[in-house]
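Close look at the chain arrangement
Residues per chain are reported as follows:
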Amino acid sequence: SAVISQKPSRDICQRGTSLTIQCQVDSQVTMMFWYRQQPGQSLTLIATANQGSEATYESGFVIDKFPISRPNLTFSTLTVSNMSPEDSSIYLCSVGNPGQGAGSAKNIQYFGAGTRLSVL
Amino acid sequence: GQQVMQIPQYQHVQEGEDFTTYCNSSTTLSNIQWYKQRPGGHPVFLIQLVKSGEVKKQKRLTFQFGEAKKNSSLHITATQTTDVGTYFCAPPGTSYGKLTFGQGTILTVHP
């Protein structure tokens with residue numbers, strides 16, 4: 001398994017500002033993911049953070065709004081830019097090593113504790 | 001990705017009653033994972049099913065993968081208050097390493 005430290009755990013921000021969320025893993029991982037989750041809802045994948053290249057974004061999410069960095073195999077950041085109240089949500093990072101492990105260990109994702117963001 | 005329909009959306013049970021959540025796909029799935037998210041917490045991996053007709057047990061939890069690999073279920077026997085949370089099925093996503101999360105079933109257990 002992997003231990004993921006995500007911070008901040010929560011924040012209240014003013015509209016028009018930006019917030020950067022950090023995700024630190026205790027071991028090198030192949031893939032890091034960023035999700036958004038509205039309370040009581042499912043997880044929506046924002047992007048896959050690739051080490052050494054630009055992130056791959058899902059439909060409906062763009063780099064200008066959610067710039068991502070992945071400087072090495074243990075760290076990534078997600079920035080929520082020019083925030084509006086509609087950006088209020090829980091943001092989660094997860095990590096995975098899909099090519100490693102055997103049987104049920106393959107393709108497992110481990111999640112950080114999440115960042116609860118409220119935009120006023 | 002491989003879209004799935006997860007039902008029910010909510011389930012309220014009395015402690016000691018059984019609980020089942022279902023995950024259905026219109027296409028054949030290569031595998032499926034299940035995650036649990038406690039209230040205020042983050043998703044935690046429970047299990048992965050790969051083989052047709054596979055059945056796996058974890059104490060009071062029984063996971064099944066259908067013969068056609070188009071559906072899966074999670075059954076909890078004699079629920080306890082510690083079972084409270086949202087249960088998600090998660091088949092593979094659109095590309096390598098990704099997952100697609102089902103809508104989730106929110107389980108409430110009344111003592």
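Heads up: the structure comes first, above all this text.
So, here's what we can say about the structure. (Residues numbered from 1 in each chain as written. Chains lettered and ligands numbered in written order. Predicted model: local features only at pLDDT ≥ 70, side-chain atom pairs only at ≥ 80, totals over all residues. Heavy atoms only, no water.)

Residues and elements named next belong to chain B. The antiparallel open sheet is built from five strands, whose spatial order is β1-β3-β8-β7-β6. Two strands lie at the open edges of the sheet, namely β1 (4-7) and β6 (55-58), each paired on one side alone. Taking the axes of each pair of neighbouring strands and ignoring which way they run, one obtains an average angle of 15° across the sheet. Bridge analysis of β1 against strand β3 (residues 19-25) gives four bridges, and the strand direction is antiparallel. By the bridge assignment, Val4 is partnered in β3 with Ser25. (Pairing = 2+ DSSP bridges. Helix = DSSP H or I, 4+ residues; strand = E, 2+ residues; numbered from the N terminus. Axes fitted to C-alpha atoms, helices over the stretch in contact; angles between N-to-C directions.)

Okay, the interface of chain B and chain A next. Taken together, the contact pairs 19 residues of chain B with 24 residues of chain A. For the pair chain B and chain A, the summed buried surface comes to about 1700 Å²; carbon and sulfur atoms form 53% of the total. When the area that chain B buries against chain A is broken down by residue, the three leading residues are Tyr96, Lys98 and Phe101 of chain B, summing to 28%. For the pair chain B and chain A, the number of links is one salt bridge. As a salt-bridge pair, Lys98 of chain B and Glu58 of chain A come within 2.5 Å of each other at their nearest N and O atoms. Between the two partners, chain B and chain A, sit six residue pairs in polar contact (both at pLDDT 80 or more). (Contact = heavy atoms within 4.5 Å. Buried area = accessible area lost by both parts, 1.4 Å probe. Salt bridge = Lys/Arg side-chain N within 4 Å of Asp/Glu carboxyl O. Polar contact = N/O pair within 3.5 Å; in protein donor to acceptor, adjacent residues only side chain to side chain.)

Further remarks concern the state of the cysteines. According to the stated counting rule, one finds two disulfides over all chains in the structure shown. Each sulfur of the disulfide joining Cys23 of chain A and Cys93 of chain A lies 2.0 Å from the other. On the S-S bond that ties Cys23 of chain A to Cys93 of chain A, the torsion sits near 70°, and the link is right-handed. In this pair, Cys23 of chain A sits in strand β3 (residues 19-25) while Cys93 of chain A sits in strand β9 (residues 89-96), placing the two residues 70 residues apart along the sequence. Here Cys23 of chain A and Cys93 of chain A have matching classes, each one buried. The partner cysteine of Cys23 of chain B in its disulfide is Cys89 of chain B, sulfur to sulfur 1.9 Å. Judged by the sign of its S-S torsion, about 55°, the cystine formed by Cys23 of chain B and Cys89 of chain B is right-handed. Residue Cys23 of chain B is found in strand β3, and its partner Cys89 of chain B is found in strand β9 (residues 85-90); the two are separated by 66 residues along the sequence. In this pair, the class of Cys23 of chain B matches that of Cys89 of chain B, namely buried. Cys13 of chain A takes part in no disulfide bond, and the closest cysteine sulfur to it belongs to Cys93 of chain A, at a distance of 17 Å. Assessed through its relative accessible area of 9%, Cys13 of chain A is described here as buried. (Disulfide = S-S within 2.5 Å. Buried < 20%, exposed > 50% of the residue type's maximum accessible area, 1.4 Å probe, protein only.)

Functional significance is not addressed by these values, which are geometric in nature.
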